[in-house]
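What follows is each chain in one-letter form.
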2 protein chains.
Amino acid sequence: MSAYHPLTEQDAISIAADIEHFFPEGASLQCREIGDGNLNLVFHISDPASGKSLIMKQALPYAKVVGESWPLTLDRGRIESEKLVLDGKLAPGLVPNVYFYDAVLALTVMEDLSDHVIMRQGLIAGNRYPRYADDISTYMAQTLFYSSDLGMNQQQKKEQVGKFINPELCKITEDLIFDDPYTDSPNNSFDEAIRDAAQALWADEELQLEVALLREKFLTQAQALLHGDLHTGSVFVTEASTKVIDPEFAFYGPIGFDIGAAIANLLLNFAGQEHWSADAAARSDFRRYLTDTVRNVWQLFASKFRALWDEHGIDRLANASSSYKELYMARLLQDTAGFAGCKIVRRIVGLSHVVDIDRIPDAAAKEKAQRLALAIGTALIRNNRNIQSIEEVIDAALSAASESA
Amino acid sequence: MSAYHPLTEQDAISIAADIEHFFPEGASLQCREIGDGNLNLVFHISDPASGKSLIMKQALPYAKVVGESWPLTLDRGRIESEKLVLDGKLAPGLVPNVYFYDAVLALTVMEDLSDHVIMRQGLIAGNRYPRYADDISTYMAQTLFYSSDLGMNQQQKKEQVGKFINPELCKITEDLIFDDPYTDSPNNSFDEAIRDAAQALWADEELQLEVALLREKFLTQAQALLHGDLHTGSVFVTEASTKVIDPEFAFYGPIGFDIGAAIANLLLNFAGQEHWSADAAARSDFRRYLTDTVRNVWQLFASKFRALWDEHGIDRLANASSSYKELYMARLLQDTAGFAGCKIVRRIVGLSHVVDIDRIPDAAAKEKAQRLALAIGTALIRNNRNIQSIEEVIDAALSAASESA
């Protein structure tokens, strides 16, 4: 391969044709660029005759955010590809297969999942995904346990920490999630209607102490190899399948950050039901589906993680002490709640929002949804170190909703 | 340089003669190998005519412990040399100057400190070191603050974490300090007279929970670039000078592990005064010097670390919250106490002992010193998460001594 250059559709077709044993010899390949062009090129390459297709994702050497372009390492292509390959071994069937990776071009060629939809879009459309809680909890339990000091050789884990050092993408999280929302930063973006709520965050020292403690964990705690961006936009679903994609933010961090991302985005959709549900009965029904999913995600994760530990734990001292296990799992839930709170708050007042709320057309409903999300998020942050049960997380959402009603 | 080979004295002389601007042209150099041969070759090379001298330290590709030889990475030579160079910038005058490093030979050439003595030997001889507390606290505050997320660019810190990944030397600590002493391991080594005390450790689930929590911090918390082995055998002293040596265990870990090492070894000497002091009055007097030093080490460290944070803190959120600072410093003291406890216990029942206690010739005095050390160590481990003041650490030592008297 030559030096790095952004691929044209024709380049993409030649690379695809060269992949062994994929497309039939001499196939007439079609190619569409389907990325949003902000961070990556994404090519969909297909052979209509055989019905075969694949996805080719190339990292761009910059990110486009709010019109501005800033340089961003191509190394995230390597990180994404290596994490997908690891995930494929630890959680088979729950990530796209990787067919090919080229380091120079920062290019990953993988399974086409065009029959799936992005879960965030599916939830907005009012769909339910009966496999999601079971699959995402399996994905998290397997990938997090087996990359942690509980489940893998502790010396190899240290080498793996080194391979997944990801400063530039971590910096995005550190700024946009764990800093900007709590000060009057030019990166923030929020509707004028809720300026008072944003200002309240900037003045709330008690809340900021909790965020500082969570930020410290994000900066220092190399607990497991995280996906790092596990929101509902990073999950492809059908009713029968769940595929986790886009792990370019992968790094060694606190386990609760991944679980918190999953739960936060269910609760953001919960807040958005202010608009997306047809009426009060439908709203309460869909919200119950969402809180049931929150409960199932945590409970299934916790029981699978404990089962792996019981059967495959490699740390003698950690295995020996049952009270250590209890404390460990209790702290995971607390971290999950705290990180979920941070991830909710930043989607309302920070740079990057979610369509569950931003696409609400009616200004009053949107403001109500935003205030509800902030009430849930700040409650989770404020109470994170005292939370003892997933029911308290759900109660935070339900009682904020009932106060907002 | 050619491929790695252990140097002869003649090799060492040729390398020394080639170092620019050190020895006079044509000097007649003398060389002695002064290492203990367990881990490293150490050559002392001098020119009697000019009075100039230097130390040449070469890592050996194995460690000799209890007669057995096990392979050990030469990369620790790089880690030691890079850490010494960093320390020299952050804490000038408190480490030997590095003149030259060769990666292939795993060789560091540095300042000769033959006019200093190893502090452990000095304490056994009954000497006091008026500069130690001030110097070691400066060394720790400077090197730990400026390598942490509080004091250095947080993206460069992540790259530095990668450079100091040190699996093999961390494994020694993980096994010998955070595992073996708490089970009937063949690596343990203790006098039959205290078998009951060793067995008590193996059965003590409450203690083991605390050790598991401290072990987890050692495994996962990349808080700052540690020396990693900061006992009184890694410090060269005179009454007017303090030099920290031998940072081959350096890695990113919890700050309290370095401070705990310093304090633990003062307290091991405290226990050894059972024998080394001439009489009860001398014992009580030297022990007061040691506990005063423990207090000064912590208090000076804490005030210097806080001052650096106040003046040079780079984390907006961490700087903004005064209650975060208080919590952070409180946890550092608790970690210090817990790690100090682990470091004391392992020196009594684990593989590697200290001469402060092992060289006590009288069996009864030795046993008394060992039991006293274990009483102090286990008290610190047991209470670590509740400790609020350095006085509680000192009280643990004093009350164990008074019960033992």
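So, how was this worked out
In every chain, residue numbers begin from 1 and rise along the written sequence. The naming scheme follows written order: chains are lettered A onward, ligands numbered 1 onward. Since the coordinates come from a predicted model, pLDDT governs what is reported: local features require at least 70, and pairs of side-chain atoms require 80 or more to be given and counted, while whole-chain, interface and lining totals use all residues. Values shown for side chains rest on all heavy atoms present in the structure; no hydrogens or waters enter the calculation. In this document the domain limits rely on a domain assignment from an automatic tool or a database. Residue contacts follow a heavy-atom distance rule, with two residues in contact if any of their heavy atoms lie within 4.5 Å. By convention, the term buried area covers the 1.4 Å-probe accessible surface removed from two parts as they join, with the contributions of both added. Should a side-chain nitrogen of Lys or Arg be within 4 Å of a carboxyl oxygen of Asp or Glu, the pair is scored as a salt bridge. We call two N or O atoms a polar contact when they sit within 3.5 Å, provided that within protein one can donate a hydrogen and the other can accept it, with sequence-adjacent residues counted only if both atoms are side-chain atoms. Think of it as three bins: nonpolar holds Ala, Val, Leu, Ile, Met, Phe, Trp, Tyr, Cys and Pro, charged holds Asp, Glu, Lys and Arg, and polar takes everything else, Gly as well. Two strands are said to pair when DSSP picks up at least two bridges between them. Under the DSSP-based scheme used, a helix requires at least four consecutive residues in state H or I and a strand at least two consecutive residues in state E, with every element numbered from the N terminus. Note on definitions: angles span 0 to 180 degrees between N-to-C directions of axes, and those axes are lines fitted to C-alpha atoms, for helices only across the stretch in contact. A least-squares fit on C-alpha atoms brings the copies together, and the residues used are those whose pLDDT is at least 70 in both copies. These descriptions rest on fixed angle ranges, namely under 35 degrees for roughly parallel, over 145 for roughly antiparallel, 65 to 115 for roughly perpendicular, and the rest for oblique. Helix crossings are classified by the rotation of the near helix relative to the far one: an anticlockwise turn of less than a right angle makes the crossing left-handed, while a clockwise turn makes it right-handed.

1. Overview of the domain arrangement of chain A
All names here are of chain A. The domains assigned to chain A are domain 1 (9-111) and domain 2 (117-404). Placing a centre on the C-alpha atoms of domain 1 and another on those of domain 2 gives a separation of 27 Å. Opposite the 24 residues of domain 1 that make contact, domain 2 presents 26 residues. Summed over both partners, the interface of domain 1 with domain 2 buries about 2,100 Å², with 64% contributed by carbon and sulfur atoms. Put simply, domain 1 and domain 2 have two salt bridges between them. Between R76 and E248 there is a salt bridge, with the nearest N and O atoms lying 3.3 Å from each other. At the boundary of domain 1 with domain 2, the tally comes to eight residue pairs in polar contact (both at pLDDT 80 or more). Partitioned by chemical class, the residues of the side of domain 1 that touches domain 2 number 13 nonpolar, three polar and eight charged.

2. Considerations on the sheet that holds strand 6 (residues 98-102) of chain B
Residues and elements named next belong to chain B. Spatially, the five strands line up as an open sheet ordered 1-2-3-7-6, and their pairing is antiparallel. Each edge of the sheet is formed by a strand with only one pairing partner; in this case those strands are strand 1 (30-33) and strand 6. Adjacent strand axes in the sheet meet at a mean angle of 20 degrees, parallel and antiparallel pairs treated alike. Bridge analysis of strand 1 against strand 2 (residues 40-47) gives four bridges, and the strand direction is antiparallel. For E33, the partnering residue across the bridge sits in strand 2 and is F43. Helix-sheet contacts for helix 2 (residues 75-90) involve strand 2, strand 3 (52-59), strand 6 and strand 7 (107-111), and the interaxial angle to strand 6 is about 155 degrees.

3. Looking at the relation of the copies chain A and chain B
One chain copy maps onto the other through a rotation about an axis and a shift parallel to that axis. Aligned on chain B, chain A shows an RMSD of 0.0 Å; the corresponding rotation is 180 degrees and the shift along the axis is 0.0 Å. The relationship between the two copies is best expressed as a two-fold rotation axis. Taken together, the interface assignments show that 100% of the residues at the interface of chain A recur at the interface of chain B, consistent with an identical surface on both copies.

4. Some details on the packing of helix 9 (residues 255-276) of chain A against helix 14 (residues 363-383) of chain A
All names here are of chain A. As a packed pair, helix 9 and helix 14 sit with axes 8 Å apart at the nearest point and diverge in direction by 155 degrees. Relative to helix 14, the element helix 9 lies roughly antiparallel. Every pair of crossing elements has a handedness; the one defined by helix 9 and helix 14 is right-handed. Contact residues: L267, L268, F270, A271, G272, E274 and H275 in helix 9; A365, K368, A369, L372, A373, I376 and L380 in helix 14. Tallied by class, residues from the contact of helix 9 with helix 14 come to ten nonpolar, two polar and two charged.

5. A word on the interface of chain A and chain B
Each side of the interface is counted separately: chain A has 39 residues, and chain B has 39 residues. Taking both sides of the interface into account, the surface hidden between chain A and chain B amounts to around 3,400 Å²; carbon and sulfur atoms contribute 57%. Looking only at chain A, the three residues that lose the most surface to chain B are K158, R316 and L317 of chain A, adding up to 18% of its buried area. Our enumeration of links across chain A and chain B arrives at eight salt bridges. Among the salt bridges present, the one from K158 of chain A reaches E174 of chain B, with a minimum N-O distance of 2.7 Å. Taken together, the connections running from chain A to chain B amount to 20 residue pairs in polar contact (both at pLDDT 80 or more).

6. Digging into the packing of helix 4 (residues 132-145) of chain B against helix 9 (residues 255-276) of chain B
The relative placement of two packed helices is expressed as an angle between their axes plus a distance between the axes. Residue and element names in this part refer to chain B. It is the contact of helix 4 with helix 9, at a shortest axis distance of 10 Å, that shows an interaxial angle of 165 degrees. As far as their axial angle goes, helix 9 and helix 4 are roughly antiparallel. The handedness of the crossing between helix 4 and helix 9 comes out as right-handed. Contacts between helix 4 and helix 9 involve Y132, M140 and L144 from the first element and I255, D258, I259, A262 and L266 from the second. Taken together, the residues that form the contact of helix 4 with helix 9 break down as seven nonpolar, no polar and one charged.

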